[in-house]
Each structure stands twice: as structure tokens, then as C-alpha cells.
Amino acid sequence: NMANPLWSGRQVPGIQPAPTRAHRQPPPDGAVVPAPYHRPPMTEPRVGDPTLGDRIAEAAGVDEAVDAFLEWVDERGLDLYHHQEEAVLEVAAGNHVIVNTPTGSGKSLIAAAAHAVALARGERSFYTAPIKALVSEKFFELSRTFGADRVGMLTGDAAVNHEAPIICCTAEVLANLALREGRRA
């Protein structure tokens, strides 16, 4: 078993953690270096750069939306773990996915792909958290990623852009919405 310090010694049966950039061994002297070692450092998007939401809006269907998402991931200098690739493909195929992996293993990136696929299909997607502070934090993050016009927030106290295709809300708000509106939510 390979020990990965990010997993704090926890092993998940059937899942072998991929080494992160920080924990990869440098290539031996004289070795041909694969492309990931030459990747430029991740940069923050500049004002006026297209958001992931802009790219998804230009995509013709789910396949092009997944391609746009993967390009966006690559531009940020990220490599998807095997479980992330598998989950993204399942979501794109219209299947339900449950990701049960430790903290720091990239579930939020899978969620971003799910939001992208939902946008490409013209569907609404939800991000939930148990407390308003986490909902607010994710609202601002997703607004930067997908564009402020595509992201809304619902808490017990506030509603911002409540008709948006991506909604950040507390789990309690989503439960009440689902009970009240069912599939129309």
C-alpha cells in the first residue's frame, strides 16, 4: 500500500489514491519528462476572460460541455483522479453518482462538472451545505466559475438570483423546496 500524506493514513478499499503534484517524485536525470511536469502554473482568470459557464453556453450538447470542462480543468494545471474521471463520465451519461471519498480528494471538482452538464442540458442544479456560511462561500466561488448571472443563493434569510440554473442553498432549504415543489424544483 502506498501511503499518501494527504489521506492521513486512511485507506479506502478499492481506491488507490493518485499522488498529487506536491508528492510526485521528480523524474530521474536524463529521463524524458511527461507533459504534466511542463504545465504552466495555475493562474487566476482575468477580468473579461470567459467563465466556465460562458464556455458551456457555447457548447453544442453535453459532449462538448464535458470537453469544455476538461479544458478548463487542464488550464488550471489540474489532473483528474481516476474516480473523478469516472464520475464525470457517469454524470454526463445521465447516471446518478455517489462519491464517497475522503476530504481533499476532489469531490467539488466532480460537482462543478455536474453543474456544467446540467447547464448544457438546460437543467437546474443545486449545491447544498449544512450552514449558511458554507453556502455563501460556495456561492461566491461558483459565481466566479460559472458567472454571477448563472448562480443564485437561497438561505432562510436571503434570496439572490433565485431563478438561476445553479442554486447554492442550505440542506434545509433544499429539503423544503423538494417537499413543496417536487420534480419542478
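No experiment lies behind these values; they were computed from the predicted model shown.

Caption draft 1: Structural detail: the overall build of the protein chain. On a plain count of helices and strands, the protein chain comes out with 6 helices and 4 strands. Taken across its 185 residues, the protein chain has 35% of its residues classed as buried. Contacts in the protein chain between residues at least 24 apart in sequence constitute 53% of all its contacts with a sequence separation of at least 6. Of the roughly 11,700 Å² of accessible surface on the protein chain, 55% is carried by carbon and sulfur atoms.

Caption draft 2: The arrangement of the sheet that holds strand β4 (residues 166-170) in detail. With mixed pairing, the 4 strands of this open sheet are ordered in space as β1-β4-β2-β3. On the outer flanks of this sheet lie β1 (125-129) and β3 (159-160), each paired with one strand and no other. Sheet topology places strand β2 (residues 151-154) next to β3; 2 bridges connect them, and they run antiparallel. Within β3, the position partnered with M153 by the bridge is V160. Lying over the sheet, helix α5 (residues 132-146) contacts β1, β2, β3 and β4, oriented at roughly 170 degrees with respect to β4. Against the sheet, helix α6 (residues 171-181) contacts β1, β2 and β4, and its axis sits at roughly 110 degrees relative to β4.

Caption draft 3: Inspection of helix α2 (residues 62-75) at higher detail. Relative to the 20 Å expected for 14 residues at 1.5 Å per residue, α2 spans 20 Å between its end C-alpha atoms, a close match to the ideal helical length. Taken residue by residue, α2 has V62, A65, V66, A68, F69, W72 and V73 as its buried positions. Along α2, the residues classed as buried sweep out an arc of 160 degrees about the axis, all on the same side. In this fold, the buried residues of α2 make contact with α1 (52-58), α3 (82-92), α4 (107-121) and α5.

Caption draft 4: Structural view of the packing of α2 against α4. Viewed as axis vectors pointing N to C, α2 and α4 meet at an angle of 145 degrees, and their least axial separation amounts to 9 Å. By crossing handedness, the relation of α2 to α4 is classed as right-handed. Taking contact as the criterion, the partners of V62, A65, V66, F69, W72 and V73 in α2 are, on α4, L109, A112, A113, A116, V117, A120 and R121. A per-class count over the contact of α2 with α4 returns 12 nonpolar, no polar and 1 charged.

Caption draft 5: Summary view of the environment of S108. Relative to the helices and strands, S108 is located in helix α4. Each C-alpha atom, one on S108 and one on K138, is 9.9 Å from the other, the two residues being 30 residues apart in sequence.

Caption draft 6: Main features of the state of the cysteines. Across all of its chains, the model carries 0 disulfides by this definition. In this structure C168 is not part of a disulfide, and its nearest cysteine sulfur, from C169, lies 7.7 Å away. A relative accessible area of 0% means that C168 is categorised as buried.

Caption draft 7: Spotlight on the side chain of S125. Positionally, S125 belongs in strand β1. The class of S125 is buried, set by a relative accessible area of 10%. Aside from chain neighbours lying at most four places away, what touches S125 is H115, A118, P165, I166 and I167.

Caption draft 8: Just unusual backbone geometry, in detail. One non-glycine residue, N161, lies in positive phi territory at about 50 degrees. By secondary structure assignment, the location of N161 is in the loop between β3 and β4.

The rules we used
Residues numbered from 1 in each chain as written. Predicted model: local features only at pLDDT ≥ 70, side-chain atom pairs only at ≥ 80, totals over all residues. Heavy atoms only, no water. Helix = DSSP H or I, 4+ residues; strand = E, 2+ residues; numbered from the N terminus. Buried < 20%, exposed > 50% of the residue type's maximum accessible area, 1.4 Å probe, protein only. Contact = heavy atoms within 4.5 Å. Areas by Shrake-Rupley, 256 points an atom, 1.4 Å probe, with all protein chains shown as cover. Pairing = 2+ DSSP bridges. Axes fitted to C-alpha atoms, helices over the stretch in contact; angles between N-to-C directions. Expected span 1.5 Å × (residues − 1). Arc of directions from axis to C-beta. Left-handed = near helix turned anticlockwise from the far one by under 90°. Nonpolar A, V, L, I, M, F, W, Y, C, P; charged D, E, K, R; others polar. Disulfide = S-S within 2.5 Å.

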